[in-house]
Amino acid sequence: MFVGLLALIAAALFTGAAFYINFAEQPARLTLDDRSLLAQWKPAYKRGYSMQATLAIVGFLLGLLSWWLTGRLAFIAGAMLMVANWPWTMFGILPTNNILMATELSDAGAHTRALLVRWNGLHAVRTALGGLAVVSFLVALW
């Protein structure tokens, strides 16, 4: 069960970080002017990406190992929810990210702000996937 607890911790860390981005960082960032908004988002995204990508893979692998050790289907469900963040990011979020990253700060405007508002909604799916993984791991540990 120790490995299952580690899977839960990875999922909880992932979800906490994603939740913070959606409900604290992004709303605060949206109070900035368009250029500053984009200037703050770019480095924050790069740093957050590496952290969340790692947590998603660690949570997946620990969930998979926990399922293999116990046979509890809720562990595999949690693992799949964690790894689902990768394709969602690649196909759901990355097109928006690429546009934002390619936008020069001098070109930031209303369209950039609209993309960043949209990005927050897309990122909320990651928060939901992480939250569902936490629930799955809790059920498996019950």
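Values in this document were obtained by computation on a predicted structure and should not be read as measured data.

Engineer: Lay out the packing of aromatic side chains in plain terms, naming residues and giving numbers.
Structural biologist: This model, assessed by the stated rule, comprises 5 aromatic pairs. Each ring, one from Y45 and one from Y49, has its centre 5.9 Å from the other, and the planes form 40°; the classification is tilted. Placement of the pair is Y45 and Y49 together in helix α2 (residues 34-70), with a separation of 4 residues, close to one helical turn. Looking at Y49, the relative accessible area reads 32%, which means it is partly exposed. Feature note: the residues W41, Y45, Y49 and W119 constitute an aromatic cluster, connected by ring pairs.

Engineer: Now, about the side chain of Q26: what can you tell me, with residues and values included?
Structural biologist: Within the fold, Q26 resides in helix α1 (residues 2-29). In this structure the side chain of Q26 is engaged in a polar contact, spanning 2.7 Å, whose partner is the side chain of R29. Residues contacting Q26, with those up to four places away along its chain left out, are I21, W41, L116, V117, W119 and N120.

Engineer: For the layout of surface pockets, give the residues involved together with the corresponding values.
Structural biologist: In this structure, the largest pocket spans a volume of roughly 220 Å³. Lining of the largest pocket is provided by 19 residues; of these, I21, A44, G48, Y49 and Q52 occupy positions nearest its centre. When residues of the lining of the largest pocket are traced back to their parent elements, those giving at least two are α1, α2, α4 (85-102) and α5 (110-141). It is α2 that contributes the most residues to the lining of the largest pocket, 8 residues altogether. The residue makeup of the lining of the largest pocket, split by class, is 10 nonpolar, 5 polar and 4 charged.

Engineer: Which residues make up empty space enclosed by the protein, and what values do they have?
Structural biologist: Summed over the entire model, instances satisfying the criterion amount to 1 cavity of 30 Å³ or more. Estimated volume of the largest cavity: approximately 60 Å³. Considering the residues around the largest cavity, the lining is formed by Y49, Q52, A53, A56, N85, W86, T89, M90 and R126. Elements with a contribution of two residues or more to the lining of the largest cavity: α2 and α4. Partitioned by chemical class, the residues of the lining of the largest cavity number 5 nonpolar, 3 polar and 1 charged.

Engineer: Tell me about the packing of helix α3 (residues 73-83) against α4, and please be specific about residues and values.
Structural biologist: At a closest axis distance of 4 Å, the pairing of α3 and α4 adopts a crossing angle of 25°. On the basis of the axis angle, α3 is roughly parallel to α4. For the pair α3 and α4, contact is made by L81, M82 and V83 and by N85, W86 and P87, respectively. Grouping the amino acids of the contact of α3 with α4 by side-chain chemistry returns 5 nonpolar, 1 polar and no charged.

The rules behind these values
- Every chain's residues receive numbers from 1 upward, in the order its sequence appears when written.
- Thresholds applied to this predicted model are a pLDDT of at least 70 for local features of residues and 80 or more for the giving and counting of side-chain atom pairs; totals over whole chains, interfaces and linings are not thresholded and use all residues.
- Side-chain metrics in this entry use all non-hydrogen atoms of the structure; hydrogen atoms and water are not considered.
- Geometry of aromatic contacts follows a simple scheme: Phe, Tyr and Trp rings, the Trp one being its six-membered ring, pair when their centres are within 6.5 Å, and the pair is stacked under 30 degrees between planes, edge-to-face over 60, tilted otherwise.
- Strands here are runs of E lasting at least two residues and helices are runs of H or I lasting at least four, both read from the DSSP assignment and numbered beginning at the N terminus.
- Under the scheme applied here, a residue whose accessible area is under 20% of the maximum for its type counts as buried, over 50% as exposed, and between as partly exposed, the area being computed with a 1.4 Å probe on protein chains only.
- Side-chain atoms alone can form a polar contact between residues adjacent in sequence; in general such a contact is a pair of N or O atoms within 3.5 Å, and within protein one must be able to donate a hydrogen while the other accepts it.
- Contacts: residue pairs with any heavy atoms within 4.5 Å of one another.
- Both site types are read off a 1 Å grid over the protein atoms alone. A 1.4 Å probe that fits but cannot get out defines a cavity, while an open set with protein on both sides within 12 Å along at least five of seven lines defines a pocket; lining residues have an atom within 4 Å of a point.
- Grid points are joined across faces, edges and corners, and a volume is the space filled by probe spheres set on the points.
- When residues are grouped by polarity, Ala, Val, Leu, Ile, Met, Phe, Trp, Tyr, Cys and Pro land in nonpolar, Asp, Glu, Lys and Arg in charged, and all others, Gly among them, in polar.
- To get an axis, fit a line to the C-alpha atoms, keeping to the stretch in contact for a helix; angles then go from 0 to 180 degrees between the N-to-C directions.
- Each angle receives one of four descriptions, namely roughly parallel if under 35 degrees, roughly antiparallel if over 145, roughly perpendicular if within 65 to 115, and oblique otherwise.

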